[in-house]
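The lines below spell out each chain.
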Amino acid sequence: MRDLLNIGIVCYPTYGGSGVVATELGMALARKGHKVHFISYRRPARLGHFLPNVFYHEVAPFEYPLFDFKPIDTALASKIVDVAMYENLDVLHVHYAIPHATIGYLAREILRSKNKSLPFVTTLHGTDITLVGADRSFFPVVEFSINQSNAVTAVSQALKQQTHDTFDVQKEIKVIPNFIDFDRFTKKPNPELRLKFATENEKILMHVSNFRKVKRVEDVLGVFKLVNQKLPSKLVLIGDGPERPRMEMLSREWGISQEVCFLGKQDNVEELLAISDLFVLPSEHESFGLAALEAMACEVPVIASNIGGLTEVILQGKTGYACQVADINDMSDKALYILSDSIRHSEFRLAAYNRAKEFDIHQILPMYENTYYDCKEF
Ligand code: GMT
């Protein structure tokens, strides 16, 4: 058996796929006996309670009147150096390249000057490459930091390709897909909860996101409006973000507000997914689409756009449909096709679950562990 590791994990603590992946990964590593040190400016959303082998180190921004923008990145690098020295970290895993890969590089070089080795693994999640990283204001720093990483992983083949198309990356990019912890995502029928949202003869469509433009929540409303004209149904929207006020206004203007429920941020997303009949994710970019996979793990078929990693998750015509971005007519036709026949709906549900099983955390975890061991020996 190989040594158990001391692993530092840096991620965004907000409600977002990269933070969820980092947190679920860290918790699973800790269950296997590794010591996991989360380093962030706030406790990550899914790290709710005490767990053996899990430690949390908070980065406090330094207040000073000179700073319009607090230098949190400097504080994060200092905290990593501190934790690495005193907890004897073997490896650092940073999620989302901006600025974490750069901070990983800085921390590694500071530690090198103190004769301490701290290799770092960078996991690319999507917009750190597609939307934000490619912006000229970040480009040279992101490209440099990716190339400086001891190992680089991407959450889908599509993201790996986009990274090569965008940056001159000499490092090998390993594809390690996102995963599901089936101890958490197990569909538990909850008719009482379901009845809070819909009557027995109504279908529940669901969407989970951070309500940014890239998620095209307007299309979720558009698809629902068309479905609702033909099938008794309700729409449940989970999450919050800049687009939410406009979406609330649109649902009133389109006369569907009585059928649409905005729940805001929720911690128990798996309980809510388990009462839904169809998940809708019509994003413009989606390097993986973890929200779709989580829905599938709860036996919920998915209607999504045919971009990025979504086509690597959804099996067309079996677990749902990946349609052209913005084609709400096609999306609603496909939604009605799935929902209007109960036998067909059950087949889609089962296929979605079986597909999600292929992304079981127990199969994905060793890929990350091997990456850490390879770095350590580097
Ligand atoms: O959406 C983002 O801006 C970043 C990130 C996040 O923190 O939510 O999402 C990305 O990472 C997820 C986890 O790997 C993927 O499932 C999402 O597809 C990806 N988002 C985009 O590509 C838009």
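Our subject is the structure that appears above.
Within each chain, residues carry numbers counting from 1 in the order of the written sequence. Confidence filtering applies because this is a predicted model: local features only for residues at pLDDT of at least 70, side-chain atom pairs given and counted only at 80 or more, and all residues used for totals across whole chains, interfaces and linings. Remark: hydrogens and water are excluded; side-chain values derive from all non-hydrogen atoms of the structure.

Draft legend 1. Local environment of the packing of helix α3 (residues 97–112) against helix α4 (residues 139–148). Lines fitted to C-alpha atoms define the axes, with helix axes restricted to the stretch in contact, and inter-axis angles between N-to-C directions lie between 0 and 180 degrees. Only DSSP runs of H or I covering at least 4 residues are called helices, and only runs of E covering at least 2 are called strands; the numbering of each starts at the N terminus. Between α3 and α4, the shortest axis-to-axis distance is 9 Å and the interhelical angle comes to 55°. On the basis of their axis angle, the class for α3 and α4 is oblique. Classified by chirality, the crossing of α4 by α3 is left-handed. Along the contact surface, α3 presents Ala 97, Ile 98, Ala 101, Thr 102, Tyr 105 and Arg 108, while α4 presents Val 141, Val 142, Phe 144, Ser 145 and Gln 148. Reported orientations rely on four angle classes, namely roughly parallel under 35 degrees, roughly antiparallel over 145, roughly perpendicular from 65 to 115, and oblique for the rest. Here a crossing is called left-handed whenever its near helix is offset anticlockwise from the far helix by less than a right angle, and right-handed whenever the offset is clockwise. By definition in these notes, contact holds between two residues if any of their heavy atoms fall within 4.5 Å.

Draft legend 2. Representation of the site of the ligand within the structure. The environment of the ligand is made up of 17 residues, and the closest members are Gly 17, Ser 18, His 125, Thr 127 and Glu 286. By the criterion applied in these results, polar contacts are pairs of N or O atoms within 3.5 Å in which, for protein atoms, one can donate a hydrogen and the other can accept it, and in which residues neighboring in sequence qualify only through two side-chain atoms. For the ligand, an oxygen atom lies 2.5 Å from a polar atom in the side chain of Thr 127. Taking Phe 288, its main chain carries an N or O atom lying 3.1 Å from an oxygen atom of the ligand. Contact with the protein chains removes 93% of the 490 Å² of surface that the ligand exposes when unbound. With three residues, helix α1 (residues 17–31) is the largest single contributor of residues to the shell around the ligand. The residue inventory of the shell around the ligand, partitioned by class, reads five nonpolar, 10 polar and two charged. Residue-level mapping places the shell around the ligand at the junction of two domains, with at least three residues from each of domain 1 (6–179 + 361–377) and domain 2 (191–357). Consider each residue's heavy atoms; a residue with any of them within 4 Å of a molecule or strand counts as near. Each accessible area is a Shrake-Rupley estimate made with a 1.4 Å probe; only the visible protein chains count as cover when residues are assessed. Nonpolar residues are Ala, Val, Leu, Ile, Met, Phe, Trp, Tyr, Cys and Pro. Charged residues are Asp, Glu, Lys and Arg, and all others, Gly as well, are polar. Per the annotation, domain bounds derive from an automatic or database assignment of domains.

Draft legend 3. Representation of the packing of aromatic side chains in the model. The aromatic pairing rule takes the rings of Phe, Tyr and Trp, using the six-membered ring of Trp, and pairs them if the centres are within 6.5 Å, calling planes under 30 degrees apart stacked, those over 60 edge-to-face and the rest tilted. Scanning all chains against the criterion turns up eight aromatic pairs. Pairwise contacts between aromatic rings join Tyr 321, Tyr 337 and Phe 348 into one cluster. Arg 136 extends its terminal NZ or CZ atom over the ring of Phe 139, reaching a point 4.5 Å from the ring centre. Charge-over-ring placement is defined geometrically: NZ (Lys) or CZ (Arg) within 6 Å of the ring centre, and within 35 degrees of the ring normal. Against the face of Tyr 337 rests Arg 344, its NZ or CZ located 3.8 Å from the ring centre.

Draft legend 4. Just the sheet that holds strand β11 (residues 278–281), in detail. Two strands make a pair as long as DSSP finds a minimum of two bridges between them. Pairing in this open sheet of six strands is parallel, and the strands run β10-β9-β8-β11-β12-β13 from one edge to the other. In this open sheet, the two edge strands, each paired with only one partner strand, are β10 (260–264) and β13 (320–323). In this sheet, neighbouring strand axes are inclined to one another by 20° on average, regardless of whether the strands run parallel or antiparallel. In this structure, strand β8 (residues 203–208) lies alongside β11, joined through two bridges in parallel fashion. Paired with Met 206 across the strands is Phe 279, a residue of β11.

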